[in-house]
Amino acid sequence: MKRLRLAFLAPSALLLATLFLAPLVIVAVYSLESRGAYGGVTPPFTLESYSRILDPLYLKILWRSFWVAGVSTLLCLLLGFPLALFISRSGPRRGLYLQLVMLPFWTSFLIRTYAWMFLLRDTGLINTALLATGLISEPLPLLYNDFAVILGLVYGFLPFMVLPLYTTLEKLDPALLEAAADLGAPPWPALARVTLPLCRPGILAGSILVFIPCLGAYLTPDLMGGGKSIMIGTLVQNQFTTSRDWPFGAALSFSLMALTLGLLYIVSKRSRGEDLL
Amino acid sequence: MRLLSIYAVLAYAFLHLPLLVLTVFSFNHSRFTQWEGLSLRWYTQAFADPALREATLNSLLIGGAATALATALGTLCAYALWKKKSPLFAGALYLSLMTPEIVTGVALLAFYQWLFHLLDLQLGMFTVILAHVSFCLAYVVIVVIARLRTMDATLEEAALDLGANELQAFYKVTLPQLLPAIISAALLAFTISFDDFVITSLVAGVDSETLPMVMYATARRGVSPVLNAVSTVIVLGLGGLILLSERLQTK
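What counts, and at which threshold
Residues numbered from 1 in each chain as written. Chains lettered and ligands numbered in written order. Predicted model: local features only at pLDDT ≥ 70, side-chain atom pairs only at ≥ 80, totals over all residues. Heavy atoms only, no water. Helix = DSSP H or I, 4+ residues; strand = E, 2+ residues; numbered from the N terminus. Buried < 20%, exposed > 50% of the residue type's maximum accessible area, 1.4 Å probe, protein only. Contact = heavy atoms within 4.5 Å. Areas by Shrake-Rupley, 256 points an atom, 1.4 Å probe, with all protein chains shown as cover. Expected span 1.5 Å × (residues − 1). Bend = angle between axes of the 7 residues up to and from the residue. Axes fitted to C-alpha atoms, helices over the stretch in contact; angles between N-to-C directions. Left-handed = near helix turned anticlockwise from the far one by under 90°. Nonpolar A, V, L, I, M, F, W, Y, C, P; charged D, E, K, R; others polar. Salt bridge = Lys/Arg side-chain N within 4 Å of Asp/Glu carboxyl O. Polar contact = N/O pair within 3.5 Å; in protein donor to acceptor, adjacent residues only side chain to side chain. Patch = residues over 30% accessible without salt bridge, like charges linked within 9 Å, V, L, I, M, F, W, Y side chains within 5 Å. Phe/Tyr/Trp six-rings, centres within 6.5 Å; stacked < 30°, edge-to-face > 60°. Lys NZ or Arg CZ within 6 Å of the ring centre and 35° of its normal.

Colleague: For this particular structure, what's the right way to read the overall build of chain A?
Modeller: The number of helices and strands found in chain A is 13 helices and two strands. Projecting the C-alpha coordinates of chain A onto the three principal axes gives extents of approximately 75 × 70 × 35 Å. Here chain A holds 277 residues, and the buried ones make up 52% of them. Residue pairs at least 24 apart in sequence account for 67% of intrachain contacts in chain A once pairs closer than 6 positions are excluded. Total accessible area on chain A stands at roughly 13000 Å², and carbon and sulfur atoms take up 69% of it.

Colleague: Honestly, the environment of Ile-192 of chain B in this entry has me stumped. Any pointers?
Modeller: Tracing the backbone through its elements, the reader meets Ile-192 of chain B in helix 8 (residues 166–195). On the basis of relative accessible area, Ile-192 of chain B is assigned to the buried category, the value being 14%. For the pair Ile-192 of chain B and Tyr-139 of chain B, spaced 53 residues apart in the sequence, the C-alpha separation amounts to 9.1 Å. When sequence neighbours within four positions are dropped, the list of residues in contact with Ile-192 of chain B reads Trp-106 of chain A together with Phe-135, Cys-136 and Tyr-139 of chain B.

Colleague: Hey, could you run me through helix 6 (residues 125–149) of chain B in this one?
Modeller: An α-helical turn contains 3.6 residues, so any two residues separated by three or four positions project in the same direction. All names here are of chain B. Its 25 residues give helix 6 an end-to-end C-alpha distance of 36 Å, which sits within 8% of 36 Å, the value for a rise of 1.5 Å per residue. Along helix 6, the sharpest change in direction is near 35° and occurs at Cys-136. Across the 25 residues that make up helix 6, a large majority, 20, are buried.

Colleague: How do you make sense of helix 4 (residues 94–106) of chain A when you look at a structure like this?
Modeller: All names here are of chain A. If you check helix 4, its first and last C-alpha atoms are 19 Å apart, about what 13 residues at 1.5 Å a residue would give, namely 18 Å. Maximum bend of helix 4: about 25°, positioned at Leu-100, with proline Pro-104 one to four residues after it. For helix 4, the complete set of buried residues consists of Tyr-97, Leu-98, Val-101, Met-102, Pro-104, Phe-105 and Trp-106.

Colleague: Help me understand the packing of helix 10 (residues 211–220) of chain B against helix 11 (residues 225–250) of chain B in this model?
Modeller: For any two helices packed against each other, the geometry comes down to the angle between their axes and how far apart the axes lie. Residue and element names in this part refer to chain B. Following both chains from N to C, one finds helix 10 and helix 11 inclined at 145°, their axes separated by 11 Å at the closest point. As for how helix 10 packs across helix 11, the hand of that crossing is left-handed. Contacts between helix 10 and helix 11 involve Leu-211, Met-215, Thr-218 and Ala-219 from the former and Leu-227, Val-230, Ser-231 and Ile-234 from the latter. Partitioning the contact of helix 10 with helix 11 into residue classes produces six nonpolar, two polar and no charged.

Colleague: How should the interface of chain A and chain B be read in this particular structure?
Modeller: Where interface size is quoted, it is often the accessible area lost as the parts come together. Counting residues at the interface gives 80 residues for chain A, matched by 84 residues for chain B. At the junction of chain A with chain B, the criterion picks out one salt bridge. In this structure, Arg-220 of chain B and Asp-222 of chain A form a salt bridge, with 3.4 Å as the shortest nitrogen-oxygen distance. On inspection of chain A and its partner chain B, the count reaches 11 residue pairs in polar contact (both at pLDDT 80 or more). Sort the elements by how many residues they give to the side of chain A that touches chain B and helix 1 (residues 2–30) of chain A lands first, with 18 residues. Grouping the amino acids of the side of chain A that touches chain B by side-chain chemistry returns 59 nonpolar, 15 polar and six charged.

Colleague: Any chance you could explain the environment of Tyr-79 of chain B here in plain terms?
Modeller: Here Tyr-79 of chain B lies in helix 3 (residues 50–83). Along the sequence, Tyr-79 of chain B and Glu-101 of chain B sit 22 residues apart, while their C-alpha atoms lie 27 Å from each other.

Colleague: I keep staring at a nonpolar patch on the surface and nothing clicks. Help me out?
Modeller: Residue and element names in this part refer to chain B. A cluster of nonpolar residues, Trp-114, Leu-118, Leu-119, Leu-121, Phe-126 and Leu-130, forms a patch on the protein surface that exposes about 550 Å² of accessible area. Mapped onto the nonpolar patch, the elements with two or more residues apiece are helix 5 (101–118) and helix 6. One can find Leu-119 in the loop between helix 5 and helix 6. Owing to a relative accessible area of 43%, Leu-119 belongs among the partly exposed residues under this scheme.

Colleague: Which parts of the structure should I look at to understand the pattern of salt bridges?
Modeller: It is possible for side chains bearing opposite charge to pair when their charged atoms get close. All names here are of chain A. The final tally for this structure, using the stated rule, is six salt bridges over all chains. The salt bridge partner of Arg-94 is Glu-170, with a shortest N-O separation of 3.5 Å. Pair noted here: Arg-94 is in helix 4 and Glu-170 is in helix 7 (residues 146–171), with a separation of 76 residues, a long-range link. On the accessibility criterion, Arg-94 (28% relative accessible area) is partly exposed. One network of salt bridges, in which partners are shared, links Arg-35, Arg-52 and Asp-245.

Colleague: What should I look at first to understand the packing of aromatic side chains in this one?
Modeller: Note on aromatic pairs: each is described by the distance of the centres and the angle between the planes. A complete count under the given rule lists 25 aromatic pairs over all chains for this structure. Look at Tyr-79 of chain B and Trp-82 of chain B: their rings are 6.0 Å apart centre to centre, the planes differ by 45°, and that puts the pair in the tilted class. Within this pair, Tyr-79 of chain B and its partner Trp-82 of chain B are both found in helix 3, separated by three residues, close to a single helical turn. Aromatic ring contacts, followed pair by pair, group Phe-105, Trp-106, Phe-109, Phe-157 and Phe-160 of chain A together with Tyr-139 of chain B into a single cluster. If you follow Arg-52 of chain A out to its NZ or CZ, it ends over the ring of Phe-248 of chain A, 4.4 Å from the centre.

Colleague: Help me understand unusual backbone geometry in this model?
Modeller: Most peptide bonds take the trans form, and the phi angle of most residues other than glycine is negative. All names here are of chain A. Despite not being glycine, Tyr-144 has its phi angle at roughly 65°, a positive value. With respect to the helices, strands and loops of the structure, Tyr-144 is situated in the loop between helix 6 (125–133) and helix 7. Judged by its relative accessible area of 32%, Tyr-144 falls in the partly exposed class. Look at Arg-244: it is not a glycine, yet its phi comes out positive at around 50°.

Right, here's the structure in full:
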């Protein structure tokens with residue numbers, strides 16, 4: 001059995017090692033080198049790229065990224081919790097309702113972002129409608145700002161919040177809520193003091209699953225934020241393309257990776273091995 | 001519960017209306033937001049565009065090749081992980097799923113550049129295909145292993161008792177039962193590959209511009225009615241594949 005298992009595992013192991021892990025190691029090494037004269041990297045080894053992250057100019061971009069990702073995560077939680085609660089209480093239709101949340105998620109992220117551009121731009125549907133009703137006399141600046149980026153991220157990653165929340169809610173023992181009701185707790189306090197605390201693992205998992213892709217987002221800020229709303233993702237991309245400062249881009253990537261690992265570690269600790277794999 | 005139901009209606013509207021509106025307006029005769037009547041002119045233009053056609057072909061080719069490879073490797077991998085858990089391997093797969101795309105992309109770019117210094121090669125179709133195989137792998141493993149977990153392990157034991165060797169037991173007993181899950185995983189891998197922009201744009205060469213890359217370049221310049229039409233075709237096509245994939249998973 002052992003030989004067959006190893007033979008089955010080998011091709012995937014080789015693929016992951018060469019095309020996922022080795023590149024990450026290379027990024028780690030590059031982040032410690034100096035910038036080459038024509039792009040690329042050269043010795044000597046230095047920590048300069050990491051110290052440059054603390055430059056006020058870049059700190060501002062980092063701060064904005066954390067802020068945008070944090071607000072998006074919070075909004076996902078606020079919007080996602082009632083939806084997960086609704087699905088978990090829908091009886092036999094739960095599967096269908098859950099599918100309706102996931103369906104847009106599987107259809108092109110790029111197109112979903114573009115659909116919002118179509119709605120939000122100056123001559124988009126929302127502004128056209130508002131102008132026609134006379135509520136406003138000039139189009140509202142809905143696109144190419146932080147609001148648009150946050151909206152795009154919330155729209156994009158809401159399913160990442162709903163899914164773990166739903167999983168925890170579904171496993172919740174209904175007897176606990178019945179007990180609360182029997183003891184005289186009205187529905188709202190019971191929700192706040194029984195359901196919500198029991199959902200903490202789901203809230204934590206969902207928040208981290210949303211926060212990580214929001215923090216490293218590239219596509220949404222680039223398309224919906226315009227030139228002003230730069231986030232870490234765009235900064236990383238710039239270092240590897242136009243600026244050709246690979247060590248700095250690598251240092252940023254590696255920091256982002258380290259943060260991702262740390263956050264995932266927290267989730268895996270809390271989920272007690274109930275992973276997908 | 002009534003309040004919750006009203007909220008749910010609004011939430012589903014938020015999730016589905018943007019794509020629905022885009023679909024409706026792709027049939028608008030006007031290039032502006034005013035409705036001027038039904039028309040297929042943007043679809044005709046999209047289909048006549050040679051750049052779009054070439055990019056679509058590239059995307060189909062890359063998606064097809066990456067799907068075939070990722071599905072084959074992922075199925076074997078899932079089977080091995082089902083037989084015996086490997087936290088290290090599962091961790092690596094999980095990490096590949098959660099790493100921000102931009103990091104995976106630049107890391108692959110750096111890796112390819114480093115490799116090409118040693119070998120005399122260039123970025124192109126095959127670098128994109130390999131990248132896609134590596135990020136589709138985890139999805140395939142998850143779908144297939146979920147199916148394996150619901151399966152009756154005694155059937156394979158019975159086959160072994162009756163004299164089949166392990167490879168035969170896998171090939172003749174387990175694999176046929178897994179087929180719906182494998183097809184489902186393949187459909188999922190194809191949609192993910194077909195959609196990808198961030199990683200693809202970093203590792204693509206001059207000969208491998210994909211449909212999302214062309215669409216992205218157009219979208220950065222603003223909204224275009226031709227893009228609305230292309231988006232609608234993709235949403236309907238990939239949406240169909242996903243529905244089929246989910247149906248196969250629950251079967």
